[in-house]
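The primary structure of each chain is shown beneath.
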Amino acid sequence: MNDTPPRRPLVCAWTNQADALGEFAVFAGKTQSAEHIKPLHWYVACRLVLEGGFAPEDITPRPPFRTVRKGGHFFLEFDPRLGAGGERTILGGLKTKNVDVVVTRDGIGPVLAVSCKGVTGALRNLTNRMEETIGECTNLHITYPALVLGYLVLIRANTLEEGALAETAAPTSSPRRQLAANDLALTQGGEPVAGIIRFHNALRELSGRRGIRDDVSQYEAVALSLVDMRPAFLLGQAFAPYPAGDSPLRLDQFFSTLALRYDERFVYSAPDLANVTRRIAWAPASTAFQAMTELSPIDYEIRRDG
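Residues numbered from 1 in each chain as written. Predicted model: local features only at pLDDT ≥ 70, side-chain atom pairs only at ≥ 80, totals over all residues. Heavy atoms only, no water.

## Description of the overall build of the chain
Check the secondary structure of the chain and you find eight helices and nine strands. Residues counted as buried form 49% of the 306 residues belonging to the chain. Here the contacts in the chain between residues at least 6 apart in sequence split such that 67% fall between residues at least 24 apart. About 14700 Å² of surface is accessible on the chain, with carbon and sulfur atoms providing 53% of the total. (Helix = DSSP H or I, 4+ residues; strand = E, 2+ residues; numbered from the N terminus. Buried < 20%, exposed > 50% of the residue type's maximum accessible area, 1.4 Å probe, protein only. Contact = heavy atoms within 4.5 Å. Areas by Shrake-Rupley, 256 points an atom, 1.4 Å probe, with all protein chains shown as cover.)

## Considerations on the packing of aromatic side chains
A full pass over the atoms with the stated rule returns seven aromatic pairs. Residues F54 and Y262 carry aromatic rings whose centres are separated by 5.0 Å and whose planes lie at 80° to one another, so their mutual orientation is edge-to-face. With F54 in the loop between helix 2 (38-50) and strand 1 (59-60) and Y262 in helix 6 (residues 251-268), the pair connects residues that are 208 residues apart, well separated along the chain. Residue F54 is classed as buried on the basis of its relative accessible area, which comes to 1%. (Phe/Tyr/Trp six-rings, centres within 6.5 Å; stacked < 30°, edge-to-face > 60°.)

## Notes on the pairing of strand 5 (residues 96-99)
The pairing of strand 4 (residues 88-91) with strand 5 spans four bridges and is antiparallel. Within the sheet, the bridge partner assigned to T89 lies in strand 5 and is N98. If you look at the hairpin formed by strand 4 and strand 5, you'll find four residues sitting between the two strands. (Pairing = 2+ DSSP bridges.)

## Notes on the side chain of R265
Following the sequence through the fold, R265 ends up in helix 6. Relative accessible area serves as the criterion here: at 12%, R265 is assigned to the buried category. Residues within four places of R265 in sequence aside, it is in contact with P145, A146, L147, V148, R209, R210, G211, I212 and E220.

## Examining a nonpolar patch on the surface
On the surface, a nonpolar cluster with roughly 210 Å² of combined accessible area is contributed by I108, L273 and V276. Here L273 lies in the loop between helix 6 and helix 7 (274-277). (Patch = residues over 30% accessible without salt bridge, like charges linked within 9 Å, V, L, I, M, F, W, Y side chains within 5 Å. Salt bridge = Lys/Arg side-chain N within 4 Å of Asp/Glu carboxyl O.)

## Concerning the nonpolar core
Within soluble globular proteins, side chains that are nonpolar generally end up buried alongside one another. Of all hydrophobic cores here, the largest spans 49 residues; its most connected members are V44, L48, L50, L112, V114 and F254. Of all the secondary structure elements, the ones that give two or more residues to this core are helix 1 (17-26), helix 2, strand 6 (101-105), strand 7 (109-119), strand 8 (148-157), strand 9 (221-228), helix 6 and helix 8 (287-293). It is helix 2 that provides the largest number of residues to this core, a total of nine residues. Once residues within four sequence positions are removed from consideration, V44 is found in contact with V101, V114, C116, L152 and F255. Counting residues in hydrophobic clusters, the runner-up holds 29 residues, among them V99, Y151, Y219 and V222. (Core = buried A, V, L, I, M, F, W, Y, C linked by side-chain atoms within 4.5 Å.)

## Quick look at the state of the cysteines
Within the structure shown, the criterion is met by zero disulfides. No disulfide involves C12; its sulfur sits 4.4 Å from that of C46, the nearest cysteine. Using a relative accessible area of 2% as the deciding quantity, one classes C12 as buried. Owing to a relative accessible area of 0%, C46 belongs among the buried residues under this scheme. (Disulfide = S-S within 2.5 Å.)

## What about the sheet that holds strand 6?
Here five strands make up an open sheet; going across it, the order is 1-6-7-8-9 and the pairing mixed. Each end of this open sheet is capped by a strand with a single partner; those strands are strand 1 and strand 9. As judged from the eight bridges shared by strand 8 and strand 9, these two strands associate in the parallel manner. Across the sheet, residue G150 finds its bridge partner in strand 9, namely A221.

What follows is the structure, given as structure tokens:
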């Protein structure tokens, strides 16, 4: 008899930030399956609809929503059956690339994309990720210099205390595997280790691309979030002290920066296309808002009409 629980379908479901980070924190399987990071893809896709004002049918993976236009207003309906999985393949200047979350405008092509990464341990490999990160950004911007590209990284904020606990725990008693010194992101005093600080500083240099003539190896926005791993009520929350409040890599700035860059390039700079490219403001009476709140809270502002 097979006691292995069935794998859930990897299709986009309603996911808020707490859900996405919580799933990332407790996931105990093999990361090659990408199940630890898929909820983050879904969170990004859902947020691009509700806060970003992008139509769900323009987003891959397809969020579980339907757009209904009535009387000049846009209403959002929640329908889990519409959720779809997958990634979109984008033609790069050097090779094609499967990108985690992509907004595509009919007749224009990919206009906004977010690449998501999850680091559960082995922090020595962070330096190796930088080469991959720069290459991905450059490859996509060569073909699509106007593409608004974001890079979102989650790292488990493992601490020394968790490492000590893991050494004495039975292999099956915790979803977290035994932690090696290289898996620790925070010191015993709660400060980020040197490798995390170096990674943050390197990512900061890759962020902030404003115009299509700027360096193609820079992302329009980058966010780094440490995910609290303390087993008390903080498990799965963003680790508030780092990055610091003045860092451009704070997660709470990520989506607003992407939206601003998009508007500058595809709305304000192209007024003749504004009817096609303008982001949607959702009617306050949209039935989706209440339906989703009953599942889990909406933890950001919705882009509402009026």
